[in-house]
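Structure assessment
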Amino acid sequence: MSYEFLTPAPTALARSPMERQALAAGARLEQRDGWNVAVAYDGEPPERGRCAATAGFADRSHLGKVELQGSHGLPLGQATRRDDAWWCPFTPEKALVLCEPADTATLLERLEGTFPTVVDLTSALAALTISGPLAREVFARFTAIDLRDSATPVEGFRPGSVGRTPGAILREAGESWLMLFGAALGSYMWTVVADAAESLGGGPVGVDALAVANA
Amino acid sequence: MTRLPPQDGERVDREREVTFTFDGREVTGLEGDTIGSALFASGRRTFSRSFKYHRRRGLMCCAGQCPNCLVQVDGAPGVRACTEPVQEGMEVEHMNARPSLEFDAMRATDLFGGPFTPPGFYYKTFIRPRRLWPLYEKILRHAAGLGKVPKEQAEREWRTEYRRRHADILVVGGGAAGLSAAIAAAELGADVVLADEGPEPGGRLLAEGNHARARELTARARDLGVELLTSAPALGAFDGLVPVWERDTLHQVRAQRIVYATGAIEQPLLFPGNDLPGVMLSGGAVRLATLYGISPGSRAVVATVDDRGLEAAVALLARGVEVATVADLREHGNSDAMKQLMRQGVHVLRGATVLQAEGRSSLQRVTLGPPGAGEGGAGEHELTCDLLAVSGGSAPATSLLAQSGARTRYDERLGHFVLSEMPEGAHAAGEVAGSGSLFEAERSGAVAGAGAAHELGFGDDESRARVETERKTVLNSRDGMPEVAVPPAVTSSRRGKCFACLCEDVTAKDIHLSVEEGYDSIELSKRYTTTTMGPCQGRMCQLPAVRLMAEETGTSLADVGTTTARPPWHAVPMGALAGRPFEPAKRSSMHARHRELGANVLWAGDWRRAYDYGDPRAEALAVHETAGLIDVSTLGKLIVRGPDAGELLDRLYPNRFSNLAPGRIRYGVMASDAGRIMDDGTICRLDDDSFYVTTTSSGAGAVYQWFSWWLADWRLNVHLTDVTQGLSAVNLAGPRAREILASLTDLDCSAEGFAYLDGKRADVAGVPCLLLRIGFVGEVGYELHFPSAHGEHLWDALMEAGGPLGLRPFGLEPQRLLRLQKMHILVGQDTDSESTPFGAAMPWIVKLDKEQPFIGKWALEKAASGELETTLVGFRLADGHVPTEGAVVLPDGDGPVGQVTSARFSPQLGGVIGMAWVPVSLAKDGASVTISDEGRRLQAEVVTKPFYDPDGEVLRS
Ligand code: FES
C-alpha cells in the first residue's frame, strides 16, 4: 500500500490551519497549486513597509515538507539550498526537505529511491515566515532559540521549542525567518505570533508582498 | 519650595513642568523628577507608613534600596517613588495608612500594641479562643499587606512580556565599573547587554557630580552596540539565566559570561529614632541635591564611620546646605574631605556618632556623642536639625553573586562581608569587588569586561597581556582601601525603638527576644523575625542583623555569617514573572466546522474537541439508526517502517503483528515492563515493511517516546515517523455509512470487498485516504485517515453526501456512550496504573506462547499464573440513577472491593449501563453487586459481554 494518503492531492482544496485567522485579519485568498494561500492583506505597499520597518509574518504552510530518514551527510545546524529546496537536518539520520508545493511530488519520487524512509509531512507542519528588522524581537517573545548572527547565520537551521511547542527555525535570508511547527497548533501559534508582532508594530503580510520584500 | 539653584548635571528640566496627583491633590514637578523628588520638593516629608507599627517613613536612600517610599501608582502597588519618573496625569496614592497618610489609626499599634506584637506574634497571639479566629482573621487580613489590588480584574491586568536575550556577556550594574566592563568587552567584539537599576546608567558617577563622565561612558557603550537596559534590576542568578525586569518586560538573559558590577550599599546606623523622616543615608541626601536640585534639609548633621559621609558633607555644603556638625566615629584620619570640612570651619566631632534622633512628625533634633553613652552621658551634643545624613559604612552587593555560587567572608578591617571565591563564568568589578574609588572602579570594570571577553575567545595576545598587567594593578590597589570604623550593633542604650529592619519593622529588641527564645542563628532569626524578608531583601538590614546576632550570642560576625542569598533580589510584580500566557492548544483541521455546527468544545488532553453538538443522546441514536460522523483526528498516528518493523511491534506489544497480512488490522494493547496497560490502539499493516499504528489521543506523545526509547536500545532497522498532526481522521459509522462512503469513492465498499478489519487505500471525494474498517462505536464503521490540509473539504463532502440519508455529526460524549455499549475500554478511565490485560478481561490479547520476548512478558507470566482479585465487568442498573464514575462497589455492605469506571444512560438500550472493577467471584453474568454512590445504595447486575451486538454481527455485516 502506498503512502499517498499522506500527501495532499490537487483534486481537493488544501487549507492552512491558520486560514481562519488570516481571513479574520483581512487576508485575500487565492488558490495556488491546490492550496488556499493568503496572498495579500491591506495591500502591497503597507505590507512591504511592515517587512522593511518592523516585522511582517506570512503563512507559508503550503510549502512542501518531506521528511527523510537515513544517512544524509548534511552538515548539522545549517540548511543547504539544493535543487530549489531547503535541506534541513534534524539529526545525522533525519532531515526535512522544504520545497515549493508544485515540486513536492517530484521531490518525493526522487527521494524514495535514495533514502530508506521518506514521508510527506506537508500537512503535519505549519509554517510562518517572519520578516523584517524586528523579526528577531518577535521571536524573542516566544522562543529561547538563539537567533543572533553568531549562533544562527543566514541558512542556519535551529530545531527547538517555539511558543512552548516543538518546532524549528530556518534563516532563509538576512532578516527573514521561516518557522515550522505542528499543524494542529496553527491557530494557537498564529495568536502567539500576531500578539508579539503587533505589540512591536508588525502584522500579517501576504506571500506576494513577502516575496517582493525578500527579493 | 526646596529647590536649589540649578545644579551642574542635574536630571530635571526646569523649563518643563509635569503635573500629577498624590492622594487626589495636584502636585507639580519638573520633567526628569522622580515621584519622590517631586513630592519632596513640594514639601512632603512622610512618604509611607511602616509595615507593622504604621510609623511615618520618609525618603532615606533615594536609590530604590529601602522600603520607605513605596507608593501605589495608577493602581499598581509597591512602586518606589524615589526611582519612578513622574509622568503627566499620573495618579499616585499612599499605601498602608487609613484613613490618611497624615492620620493613620493603625499607629495605635506603635503606641500601645507592643506587648501584642512581639517577634513571631502570629505564632503566639490571636490563637485563643479558637472560636474568635474568624473575627481575628478578618481584622488581620484587613491590616496585612501594603498596597491595595484593584477589585475589578480588568483593572489589575496589564500587558507584560517575556523577552529571551542571548548574549556573550551580561553586565549587571551600570556604574563606572559596569559601563567600563561593557565597553571593554564590546571593544573586543563581544555582544554585550548591560542592565542597570537606575533610570540612567552612571550610578555613583551621576550622584557625585561626575555626570559628564557617566554620559561619555554611556555614549561610548551605545556606540559600540552595547544593549543598555535601564530601570532594569536583575532579579536573580540561575544556572545560565539572569532574569532582568524592565518595566513591563522580563528579559531572560542567557549570557556566556556575567560581570557583576553591582556596587556597594550604604548602611544605616542603629539608634533610637533611626527611622524618623529626615534621617537619610548620606548618599540619598546627596542624590536629592545633585540629581534633582533639591535641598534635602535646611540644617544638616552628618554621622559617619568612613570618608563617604565626609564627602557627602562636602557635597551638601557645596550646594548650599548648612552642615551644623559632622560626627566621625573614627578617632583619627585626615582625608581630603576632612581637610575641606576643616577649611570651611565645619564643626567635626571625632570618635562620636549619633545616639538619638527625635521629632514629632519628622526630625527636629539629634544627640551626638561617643558610642554606647546612656542618657546624659559625658561628651554629648544635642543639636536642632531637620536632616541627619548617616553613613554607617557600606556592604558590597554580593547577593546576585552569591546566588550564582560566589562565597563571602567577613573582613574585620572593613566591617563587612567581602567576596572570597568566584564561580566559573562570573566576574566582579567595582565596589562589589573592593575597588572603591571611581578611578579604580573604572579600571577594575575594564579588566573584568576584557577578561570575560578573552575567556570567550575575543581579543588577541596583545590585549590579553595588557589586561593581565592591569589586573595586577587593580588587585594591588584593593589593599589600600580607606579606613573605616566598624560601628557597634546599636550606638546607644537610650529609650526608643531602634529599627534593624525597616521593611518588616523589626527592632534591635526583637532580635534580642528572638535569641532569648532560642532562635540564635541568623537563618532561624530570619524566619522568626522576618528580618531581610521584606522589599529591601537585606540591603539595609542584613549587616545590622548580623551585628546584633553576634552581639547577642557572643560570637564573631564571621561565625554568624549571612543568610542564604535567594531570588528575587528586587521586588517584582507577579504579572511580570508570569509574562504572556501561552496555552498551546491543538485543534483538528475541521475545528472551525465543529464550531459552526454549534459544538460544545472542551479540553481533551492538549486538544480542543467537540464534546457534543447540543444533544448527545440524539447524536448517539443517529449512529444506530442512520449514520454519524465524528472527528477522531486527535488519535496518535505513527508510521513504523523498515525490515524489522514487525519484530519491533512484536517486542512492544503482548500480541503478534509480524504475522499480520498487509491490508489487515489488529487491535493492540501496550503493556509496560510491569505488565500494566499503557495504551491501546489499532495497527494496520500497509505493506511488508510498514505499519500504521494508532494510539489513544492522550497517549500519542508517550507512545512515540516509548517506541523511540526501545528502538534506540534494540537497534532494529526501523524508522518511526509521528504523523499525528499530518493526518486528520473521521469515523463514519451507522447502518447507512456504507452507502454514504460508496457515493464518494470508487472503492468496493461491500461487506465482502471491504471486510471488517481491512485497511484500504482509496480516494474519497478526491482526497487520498487510508480507510480502516473498524468499529469502536459498534456499528458498521469506517475510519478515514487523510492529509489534514483536506480536513474541511472531506468533512463537507461527507456531510453533503450523508445529509439526505440522515448523517449527523456526533461528539466525544456520544462516542463514549456508544463504546460503553460495546464494552470497549478507555485506557486511563477504565484502567489505572495497576491494571493488566488479564484484569481488564482481555486475556486473549496476551500471547505468552509468542517466541519473541516482549515488554512485560515476565510480569504477565506471573500475572497469568497468579490469582486475580478483581476484574473489569459490565453492569446494568434497574434504577434509572447513573452512578458517579468512581462510585465504590461493596460486596455485602462491608469495605469497598471495587469501583465504577464508566456509567451512562443508554437510550438505545433503555437503561443505565456501566463498567466496574469487581471481585473475580462476582464476574459472572447475572451476579449482583452493590454500588454505593454518594449515600445511595444501588443494586447492579453483572454483564460480561458487550451490551450491544454482543457477538459483533452488526459490526461485521
Ligand atoms: S527612599 Fe526610595 S527606596 Fe529608599
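Residues numbered from 1 in each chain as written. Chains lettered and ligands numbered in written order. Predicted model: local features only at pLDDT ≥ 70, side-chain atom pairs only at ≥ 80, totals over all residues. Heavy atoms only, no water.

Further remarks concern the overall build of chain B. Scanning chain B from N- to C-terminus turns up 27 helices and 47 strands. The principal-axis extents of the C-alpha atoms in chain B amount to approximately 115 × 75 × 55 Å. Burial statistics for chain B: of 957 residues in total, 59% are counted as buried. At a minimum sequence separation of 6, the contacts of chain B that also span at least 24 residues come to 65%. Summed over all atoms, the accessible surface of chain B reaches about 38300 Å², with 50% contributed by carbon and sulfur. (Helix = DSSP H or I, 4+ residues; strand = E, 2+ residues; numbered from the N terminus. Buried < 20%, exposed > 50% of the residue type's maximum accessible area, 1.4 Å probe, protein only. Contact = heavy atoms within 4.5 Å. Areas by Shrake-Rupley, 256 points an atom, 1.4 Å probe, with all protein chains shown as cover.)

All right, on to unusual backbone geometry then. Negative phi values dominate among residues other than glycine, just as trans dominates among peptide bonds. Residue and element names in this part refer to chain B. The peptide bond linking Arg-98 to Pro-99 adopts the cis configuration, its omega dihedral lying at 0 degrees. Relative to the helices and strands, Pro-99 resides in the loop between β7 (91–93) and α2 (108–112). Residues Pro-567 and Pro-568 are joined by a peptide bond in cis, for which omega reads 0 degrees. Mapped onto the elements, Pro-568 comes out in the loop between α17 (557–560) and α18 (574–578). Although it is not a glycine, Arg-715 sits at a positive phi angle of roughly 50 degrees. Inspection of the secondary structure puts Arg-715 in the loop between α22 (700–714) and β36 (719–722).

Residue and element names in this part refer to chain B. Counting 77 residues, the largest nonpolar core has Phe-20, Ile-35, Leu-59, Ile-169, Val-192 and Val-326 as its most contacted members. Looking at which element gives the most residues to this core, the answer is helix α5 (residues 176–187), with eight residues. Discounting residues that sit within four places of it in the chain, Val-192 has contacts with Arg-165, Ile-169, Val-171, Ala-182, Ala-185, Ala-186, Gly-225, Val-226 and Glu-227. Within the second largest apolar cluster, 57 residues are counted, among which are Val-193, Ile-258, Ala-426 and Val-432. (Core = buried A, V, L, I, M, F, W, Y, C linked by side-chain atoms within 4.5 Å.)

Before going further, it helps to examine the pattern of salt bridges. Per the counting criterion, the structure on display carries 78 salt bridges over all chains. The partner of A:Arg15 in a salt bridge is B:Glu792, with the nearest N and O atoms 3.6 Å apart. Linking A:Arg15 in the segment before α1 (19–24) with B:Glu792 in helix α24 (residues 791–802), this pair reaches from one chain into another. Here B:Glu200 makes a salt bridge to B:Arg215, at a shortest N to O gap of 2.7 Å. Of the two residues, B:Glu200 sits in the loop between β9 (192–195) and α6 (204–207) while B:Arg215 sits in helix α7 (residues 211–223), which places them 15 residues apart along the sequence. Taking the relative accessible area as the measure of exposure, B:Arg215 reaches 33% and is therefore partly exposed. (Salt bridge = Lys/Arg side-chain N within 4 Å of Asp/Glu carboxyl O.)

The next subject is the interface of chain A and chain B. The interface of chain A with chain B comprises 49 residues on the first partner and 56 residues on the second. Carbon and sulfur atoms make up 53% of the surface buried where chain A meets chain B, a total of about 4200 Å² over both sides. Across the pair A:Asp195 and B:Arg580 runs a salt bridge whose closest N-O atoms are separated by 2.9 Å. In this structure, the connection of chain A to chain B is made through 27 residue pairs in polar contact (both at pLDDT 80 or more). When residues of the side of chain A that touches chain B are traced back to their parent elements, those giving at least two are β4 (64–69), β8 (117–120), α4 (135–140) and α5 (186–199) of chain A. Considering every element that reaches the side of chain A that touches chain B, the biggest residue donor is α5(A), with five residues. Its residues assigned to classes, the side of chain A that touches chain B shows 24 nonpolar, 13 polar and 12 charged. (Buried area = accessible area lost by both parts, 1.4 Å probe. Polar contact = N/O pair within 3.5 Å; in protein donor to acceptor, adjacent residues only side chain to side chain. Nonpolar A, V, L, I, M, F, W, Y, C, P; charged D, E, K, R; others polar.)

Turning to the packing of helix α2 (residues 44–53) of chain A against helix α6 (residues 207–214) of chain A, a few remarks are in order. Residue and element names in this part refer to chain A. Following both chains from N to C, one finds α2 and α6 inclined at 55 degrees, their axes separated by 9 Å at the closest point. What the angle tells us is that α2 and α6 run oblique. The two elements α2 and α6 cross, and the hand of that crossing is right-handed. Between α2, through Glu-44, Glu-47, Arg-48 and Cys-51, and α6, the contact on the second element is made entirely by Ala-209, Leu-210, Val-212 and Ala-213. Its residues assigned to classes, the contact of α2 with α6 shows five nonpolar, no polar and three charged. (Axes fitted to C-alpha atoms, helices over the stretch in contact; angles between N-to-C directions. Parallel < 35°, antiparallel > 145°, perpendicular 65-115°, else oblique. Left-handed = near helix turned anticlockwise from the far one by under 90°.)

Residue and element names in this part refer to chain B. The N-to-C vectors of helix α14 (residues 508–516) and helix α15 (residues 522–529) enclose an angle of 115 degrees; their axes lie 10 Å apart at closest approach. Crossing of α14 against α15: the hand is right-handed. On α15, the residues that touch Asp-510, Ile-511 and Ser-514 of α14 are Ser-525, Tyr-528 and Thr-529. Counted by class, the contact of α14 with α15 contains two nonpolar, three polar and one charged residues.

On to the sheet that holds strand β17 (residues 347–350) of chain B, then. Residues and elements named next belong to chain B. Across the sheet, which stays open at both edges, the five strands sit in the order β14-β21-β15-β16-β17 with parallel pairing between neighbours. Each edge of the open sheet is held by one strand with a lone partner, namely β14 (279–281) and β17. When the angles between neighbouring strand axes are averaged without regard to direction, this sheet yields 20 degrees. Sheet strands in contact with helix α9 (residues 307–318) are β15 (299–304), β16 (322–328) and β21 (387–391), and its direction is about 170 degrees off that of β16. The strands that helix α10 (residues 336–343) touches are β16 and β17; relative to β17, the one it contacts most, it runs at about 135 degrees. (Pairing = 2+ DSSP bridges.)

On the surface, A:Asp33, A:Asp84, A:Glu100 and A:Asp103 cluster together into a patch of negative charge. Of note, A:Asp84 is situated in the loop between β5 (80–82) and β6 (85–91). (Patch = residues over 30% accessible without salt bridge, like charges linked within 9 Å, V, L, I, M, F, W, Y side chains within 5 Å. Lys, Arg positive; Asp, Glu negative; His and termini not counted. Charge placed at Lys NZ, Arg CZ, Asp CG, Glu CD.)

Turning our attention to the sheet that holds strand β37 (residues 727–733) of chain B. Residues and elements named next belong to chain B. Sheet architecture is open: six strands sit in the order β38-β39-β40-β37-β31-β41, paired in mixed fashion. With partners counted over all chains shown, the strands left at the sheet margins are β38 (759–764) and β41 (807–809), one partner each. The average angle at which neighbouring strand axes cross in this sheet is 25 degrees, direction not considered.

This next bit is on the packing of aromatic side chains. Considering all chains together, one arrives at 14 aromatic pairs over all chains under this definition. Here B:Tyr519 and B:Tyr528 contribute two aromatic rings whose centre-to-centre distance is 3.8 Å and whose plane-to-plane angle is 15 degrees, an arrangement assigned as stacked. Among the aromatic residues, ring-to-ring pairing joins A:Phe139, A:Phe142 and A:Trp177 into one connected group. A cation sits over an aromatic face here: B:Arg45 above B:Phe40, 3.6 Å from the ring centre. Above the plane of the ring of B:Trp714 lies B:Arg651, whose end atom (NZ or CZ) is 5.0 Å from the centre. (Phe/Tyr/Trp six-rings, centres within 6.5 Å; stacked < 30°, edge-to-face > 60°. Lys NZ or Arg CZ within 6 Å of the ring centre and 35° of its normal.)

Residue and element names in this part refer to chain B. Take Glu-552: it is sitting in helix α16 (residues 542–553). Sequence spacing of Glu-552 and Val-515 is 37 residues, and the spatial spacing of their C-alpha atoms is 7.0 Å. For Glu-552, the side chain forms a polar contact with the side chain of His-512, separated by 2.9 Å.

Below, the discussion takes up the environment of B:Leu146. Residue and element names in this part refer to chain B. Looking at the secondary structure, you find Leu-146 in the loop between α4 (133–143) and β8 (161–172). Considering only alpha carbons, one finds Leu-146 and Ala-285, 139 residues apart in sequence, at a separation of 26 Å. Apart from the residues within four sequence positions on either side, Leu-146 is in contact with Phe-51, Leu-70, Met-95 and Asn-96.

All names here are of chain B. Summarising the element assignment, Asp-411 is placed in strand β23 (residues 407–411). A residue is classified by how much of its surface remains accessible, and Asp-411, at 12% relative accessible area, is buried. A polar contact of 2.9 Å, which involves the side chain of Asp-411, links it to the backbone nitrogen of Arg-413. Not counting chain neighbours up to four residues away, the residues in contact with Asp-411 comprise His-416 and Val-418.

Residue and element names in this part refer to chain B. The end-to-end C-alpha distance of α7 is 18 Å, a good match for the 18 Å that 13 residues give at a rise of 1.5 Å each. Those residues of α7 not exposed but buried are His-211, Ala-214, Leu-217, Thr-218 and Ala-221. For α7, the buried positions fall inside an angular range of 130 degrees around the axis, keeping them on one side. Residues Ala-212 and Asp-223 are exposed on α7 and point more than 90 degrees away from its buried face. As for α7, its buried residues are in contact with α5, α6, β10 (227–229) and α12 (438–455). Positioned one or two residues after α7, Gly-225 has a phi angle of 90 degrees, which is positive. (Expected span 1.5 Å × (residues − 1). Arc of directions from axis to C-beta.)

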